[in-house]
Amino acid sequence: MQKTSKGRTPRRPGQKKPSNTERDPVGVYCRIRPLISEDEECCIEMISSTTIQLHAPDGLKANRNGEYKETQYSFKKVFGVNTTQMELFQDVAKPLVNDLIHCKNGLLFTYGVTGSGKTFTMTGSPGEGGLLPRSLDMLFNSIGPFQAKRYVFKPDDKNGMEIQSQVDALLERQKRDSQQSVPKTPSSRQKADPEFADMISPDEACKSESVDEDCCFSVFVSYIEIYNNYIYDLLEDAPFDPIRPKPPQSKVLREDQNHNMYVAGCTEVEVKSTEEAFEIFWKGQKKRRIANTQLNRESSRSHSVFTVKLVQAPLDADGDHILQDKNQVNVSQLCLVDLAGSERTSRTRAEGSRLREAGNINQSLMTLRTCMEVLRENQMCGTNKMVPYRDSKVTHLFKNYFDGEGKVRMIVCVNPNADDYEESALVMRFAEMTQEVEVARPVDRAIYSLPAGRRHKNQAFKDELSRRLAERGGPVNPDDPGLLNQLIESLPALPPCELVDPTDDQMLPRLIEVLERRQHIRQMMKEQFNQTANTLQSMLQQFNSQLGAKETFLHDQQSKLNEKDKVILNQRTEIERLEKKSKTLEYKIDILQKTTGMYEQDKRSLQQELESREQRLQRELAERRRMEQRMQGVVTDTKLKWEKECERRVNAKQLELQNKLWVKDEKLKQLKAIVTESSGAPAERQEKPERPSRERDRNHAQKRSASPSPLPTVPPVHPMHRRSHSAGGEKWVDHKPSSNLDLDTVMQPIIPNSIKVSTPNEKALSKCHKYVLRHQELASDGEIETKLIKGNVFKTRGGGQAVQFTDIETLKQECPTAPSRKRRSGSAEGPAQIEDLENKPPAISTSLAYQKRRKP
């Protein structure tokens, strides 16, 4: 046979597992650790048996608005601070032990921050045994009477089991006994460890009632730890060298023929009792790495995995020996994992090797979270992303469980202390996400096709044989080695004789007589045995006929049950399809709700922006209306101003043209007079032509009046003017609109200590106590009249300024020589005076005494 080269073993194609659409979510439980002292602040509150509430401690703002944020998390079940270890075991670990006995795998691990009670939950303490010792106790209580002898099953170092014959197992036991036959020095270690003594009281012992009695069982345990992402065997007996101690060798992960992961070269010890399993566990527990940190006096620095393998094989047809068929051997295992707690180096103040350990612990837990997130995304969204199991030894070792090789249960341990609030919040979010991961439900595997009740029949036969022997006074146990000796001793004893002569007539007859009696008794016993055997055979035939009838009935019932199972399977398939569709719709609804929330938020922001823009638009419209009103006033004032200015300019131009015309007439008249005088023909003095002026028009208007008023002959004297109240010591707002005309008069109103504005504003009004408005309008005589409208400034309740008008002063510009438009009766000199005034040049207008002179 040609030897193959030592190359890399090619990967075999994956074994096609039976298609199973039934899936169960990962069971996540929560256990709350009691506070160490009553003075500590609590941040976790148990709302119900399935819900807890996490609220931020005092002094910590949990959201952006600075409010305290309370969050609720739901689990399959929540265990409060008063929960006992037995109650926790009944709900969490007991179903996994039942599945282990029925050839199903299980994975149970504790998760939480450092110091949250994970090791206590898994291991326990004296008087309060944890999940691990209670699981072992239940297992051995259930399979105790059906255990195979030691070394009948033997590991094949490839994650499988081999069956040895009774002779090989006996030789193996003798070999091991001879190796351990050297007497050891008695020490206290041979006694039960006090830390594990009396961990489980007899009242709390439990067992599984549905154990297959036609099988033989053996239990193998192994204990490993994952430290700094390296696997170490805690049960390995490495030789100790005091001179050059060698560090423990790390183990590697391999894949068996069924594509299940296992630790190559790991020590698997066969145990036959709970005490022996405790001893093996404690042996490895002493080697586990623990250290003292700021948060935990005995902090686990590695992930520990205690694996319990249950090997079972059916009995043969006689029900007396194990069936020597390796294909009929079934191996199931339960992994109890105590994960190291996540921690923050800022709180533990780890340095050196402790810092490196904390980094590796957090990295492995982060990989576990990532794997759960990818599994959840693949299941909910229908994607096929690669799950990064190989990034950590923890996830790589247990990847088969998440692929459907058994049930998965997780216990989240939390510390309600307020100092662990942020770490507890991260743990809660991971637990909530893990509950959404579904694992394929393991199928039931048939072990054999032999009829049931073989062990019971064999035991009934032995009991009947023992009863018959007991009735005859023989030994009760037919398997006793001294049975043959007792049977021989029950026969008549041979007489003491010594044959000296072959022809001895006395001794030979006595010896022949005794032998004949012994032969007769033997014959009677043989007949009785045959009769008993026939009776037993007839009974067995009767039992077999009854069993056949029952098997026929069971076959009919099984066919009916199969039909019902098919209907149930179809219904389950339909239910799963609907559940999958429901989950898809829920996921879409979740997405739509999130999208709706985003749109609602955008809508609210747009509404706020729209309202702000509407308010700004209203303000702009109000400002525009005020501006339009102001501009209308300005346009009206400007229009009046320019109309008056145009009228004044037209009148001035007309007057100037009339003056020029009058000058020309004068010159012509003078020239005519000169010419006449030079010709010697004096002529009568022509009447001097009148100079056209504005007074003529006014005189004509007065002539039309019924009683013309006389014109003053003396220029009026400027009377003493009173001092305006606006010249006080208070501060004024001098409002002079930009539409006012500059009259260029000598006397102008001067207001000291004033703020001059063209448009009043709140800033100017808030600084002053008085207000004056310069208003110009056209008087009845065609001149511009200026009014000073005065008022007091006071503050309003709304914080603004208001003006209350109190006084009006009128400033008027008049011509002193201009005739009054009023009629005056009793004056006969009026026409002559008007005629004289018309001949005078136009007078220059001066300001009245009412005007005030402007300061230089």
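Relevant structure appears above.
Quick look at the structure, then. Please read these numbers as outputs of a predicted model, since none were measured by experiment.

The rules behind these values
- Residues numbered from 1 in each chain as written.
- Predicted model: local features only at pLDDT ≥ 70, side-chain atom pairs only at ≥ 80, totals over all residues.
- Heavy atoms only, no water.
- Core = buried A, V, L, I, M, F, W, Y, C linked by side-chain atoms within 4.5 Å.
- Buried < 20%, exposed > 50% of the residue type's maximum accessible area, 1.4 Å probe, protein only.
- Contact = heavy atoms within 4.5 Å.
- Helix = DSSP H or I, 4+ residues; strand = E, 2+ residues; numbered from the N terminus.
- Pairing = 2+ DSSP bridges.
- 1 Å grid on protein atoms, 1.4 Å probe; cavity = no way out; pocket = protein on both sides within 12 Å on 5 of 7 lines; lining within 4 Å.
- Points joined across faces, edges and corners; volume = space filled by probe spheres on them.
- Nonpolar A, V, L, I, M, F, W, Y, C, P; charged D, E, K, R; others polar.
- Disulfide = S-S within 2.5 Å.
- Axes fitted to C-alpha atoms, helices over the stretch in contact; angles between N-to-C directions.
- Patch = residues over 30% accessible without salt bridge, like charges linked within 9 Å, V, L, I, M, F, W, Y side chains within 5 Å.
- Areas by Shrake-Rupley, 256 points an atom, 1.4 Å probe, with all protein chains shown as cover.
- Salt bridge = Lys/Arg side-chain N within 4 Å of Asp/Glu carboxyl O.
- Parallel < 35°, antiparallel > 145°, perpendicular 65-115°, else oblique.
- Left-handed = near helix turned anticlockwise from the far one by under 90°.
- Phe/Tyr/Trp six-rings, centres within 6.5 Å; stacked < 30°, edge-to-face > 60°.
- Lys NZ or Arg CZ within 6 Å of the ring centre and 35° of its normal.

This part takes up the nonpolar core. By size, the foremost hydrophobic cluster in this structure holds 55 residues, and its most contacted members are Ile52, Phe75, Phe398 and Met428. Apart from residues no more than four positions distant in its own chain, Phe75 is found in contact with Val28, Tyr29, Cys30, Thr50, Ile52, Met428, Ala431 and Gln435. The next biggest cluster of nonpolar side chains, apart from the first, holds 42 residues, and it includes Ile101, Leu139, Cys206 and Leu235.

This next bit is on the pairing of strand 2 (residues 27–32). Burial analysis of strand 2 places six of its six residues in the buried class, which makes it a mostly covered element. Neither face of strand 2 is exposed, since Gly27, Tyr29 and Arg31 on one face and Val28, Cys30 and Ile32 on the opposite face are all buried. Alignment of strand 2 against strand 22 (residues 406–414), held across six bridges, turns out to be parallel. Bridge pairing links Cys30 to Val412 in strand 22. Here three bridges tie strand 2 to strand 6 (residues 77–79), and the two strands are oriented parallel to one another.

The full count for this structure, using the stated rule, is five cavities of 30 Å³ or more. If you add up the space inside the second largest cavity, you get close to 80 Å³. If you go around the second largest cavity, the residues you meet are Leu107, Phe109, Val337, Leu339, Leu368, Val394, Thr395, Phe398 and Phe402. Of all elements in the fold, only strand 7 (105–112) and helix 8 (393–397) reach the threshold of two or more residues within the lining of the second largest cavity. Split by residue class, the lining of the second largest cavity holds eight nonpolar, one polar and no charged.

Regular strands place side chains that alternate from one sheet face to the opposite one. Here strand 24 (residues 732–735) pairs with strand 26 (residues 770–778) via four bridges, running parallel. What sits directly across from His735, in strand 26, is Leu773. Both strand 26 and strand 27 (residues 784–795) contribute to a ladder of nine bridges, which runs antiparallel. Bridge pairing in strand 27 links Glu777 to Glu785. Where strand 26 folds back on strand 27, the antiparallel hairpin that results is connected by five residues, among which Gly782 adopts a positive phi of roughly 90 degrees.

Below, the discussion takes up the state of the cysteines. Enumeration over the complete set of coordinates arrives at zero disulfides. Free cysteine: Cys413, not disulfide-bonded; nearest cysteine sulfur from Cys30 at 8.0 Å.

The strand order 3-4-5 describes an open sheet built from three strands, whose pairing is antiparallel. Every interior strand has two partners, whereas the edge strands, strand 3 (44–46) and strand 5 (70–74), have only one. Here the strands of the sheet are splayed against their neighbours by 25 degrees on average, with no regard to which way each runs. Relative to strand 5, strand 4 (residues 51–55) runs antiparallel, the two sharing five bridges.

Attention now goes to a nonpolar patch on the surface. Judged by side-chain polarity, Met539, Leu540 and Phe543 come together as a nonpolar surface patch covering roughly 250 Å² of accessible area. For Met539, the position within the fold is in helix 13 (residues 507–678).

What follows concerns the packing of helix 3 (residues 131–143) against helix 5 (residues 274–285). Axis angle and axis distance: for two packed helices, these are the angle between their axes and the distance between the axes, and together they describe the pair. Packing of helix 3 against helix 5 leaves a shortest axis separation of 9 Å and a crossing angle of 150 degrees. When the axes of helix 3 and helix 5 are compared, the pair comes out roughly antiparallel. Relative to helix 5, helix 3 is oriented so that their crossing is right-handed. Of the residues in helix 5, those in contact with Leu132, Pro133, Leu136, Asp137 and Phe140 of helix 3 are Thr274, Ala277, Phe278 and Phe281. By residue class, the composition of the contact of helix 3 with helix 5 is seven nonpolar, one polar and one charged.

This part takes up the packing of aromatic side chains. Overall, the coordinates contain seven aromatic pairs when judged by the stated rule. Ring centres of Tyr771 and Phe805 lie 6.0 Å apart, and the angle between their planes is 65 degrees; this geometry places the pair in the edge-to-face category. With Tyr771 in strand 26 and Phe805 in strand 28 (residues 801–814), this residue pair connects regions lying 34 residues apart in the sequence. Three or more aromatic residues link up through ring pairs in this structure, and these residues are Tyr223, Phe281 and Phe306. Between Arg369 and the ring centre of Phe430, over which it is positioned, the NZ or CZ distance is 5.8 Å.

In total, this model carries 28 salt bridges according to the counting rule given. Glu574 serves as the salt-bridge partner of Arg577, at 2.3 Å between the closest nitrogen and oxygen. With a gap of three residues between them, Arg577 and Glu574 both fall in helix 13, about one helical turn apart. With its nearest N and O atoms 3.6 Å apart, the salt bridge here joins Lys660 to Glu656. Of this pair, Lys660 and Glu656 both sit in helix 13, four residues apart, which is roughly one turn of the helix. Glu656 sits in the partly exposed class, given a relative accessible area of 36%. Through salt bridges with shared partners, one network takes in Glu645, Arg648 and Arg649.

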